Amino acid sequence: MKTVSHLFFLAAIICLSSVNAFVSNNNGIARKSSQLQMTILSANGKKADFKEGSPLKNACAKLGVKPKYSCKKGDCGSCTVSVGGSRIKACVGKVPPMPRLKSLQEKGLEVKG
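Residues numbered from 1 in each chain as written. Predicted model: local features only at pLDDT ≥ 70, side-chain atom pairs only at ≥ 80, totals over all residues. Heavy atoms only, no water.

Caption draft 1: Representation of the pairing of strand 5 (residues 109–112). Along strand 5, the buried face is formed by Leu-109 and Val-111; none of Glu-110 and Lys-112, which line the opposite face, is buried. Note that strand 1 (residues 38–43) and strand 5 share two bridges and pair parallel. Residue Leu-41 lies in a different strand from strand 5, and its bridge partner there is Leu-109. With two bridges connecting them, strand 3 (residues 80–83) and strand 5 associate as antiparallel partners. By the bridge assignment for strand 5, Val-83 is matched with Val-111. (Buried < 20%, exposed > 50% of the residue type's maximum accessible area, 1.4 Å probe, protein only. Helix = DSSP H or I, 4+ residues; strand = E, 2+ residues; numbered from the N terminus. Pairing = 2+ DSSP bridges.)

Caption draft 2: Region of interest: the sheet that holds strand 5. Pairing in this open sheet of five strands is mixed, and the strands run 2-1-5-3-4 from one edge to the other. Each having just a single partner strand, strand 2 (46–51) and strand 4 (86–89) make up the two edges of the open sheet. Each adjacent strand pair in this sheet contributes to an overall mean axis angle of 35°, direction not counted. Each of strand 1, strand 2, strand 3, strand 4 and strand 5 touches helix 2 (residues 56–63); the most contacted strand, strand 2, lies at about 155° to it. (Axes fitted to C-alpha atoms, helices over the stretch in contact; angles between N-to-C directions. Contact = heavy atoms within 4.5 Å.)

Given below as structure tokens:
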């Protein structure tokens with residue numbers, strides 16, 4: 001009876017330890033919800049750190065990029081800026097997450113208005 005309980009105990013430990021083998025941590029870039037993620041944005045020679053998900057219009061103002069605002073709801077598209085090559089409406093857009101490429105992480109995403 002003892003050997004059966006020992007075998008069951010060992011089987012349970014092996015099962016629990018193998019669960020972690022299938023969990024990937026994305027090469028050490030795992031993000032925790034409590035950890036503050038910052039994105040470097042640059043424009044006209046200025047660089048600044050911004051919280052991921054913060055309003056893009058505030059980031060543009062801090063960098064000196066002045067997009068045109070008409071509707072302020074994102075319908076017209078006159079406030080569209082290029083952030084790292086993708087076009088985002090500044091009035092309703094959010095600061096994108098930190099890029100995965102190390103070179104872009106260091107020099108920041110370029111904002112063009």
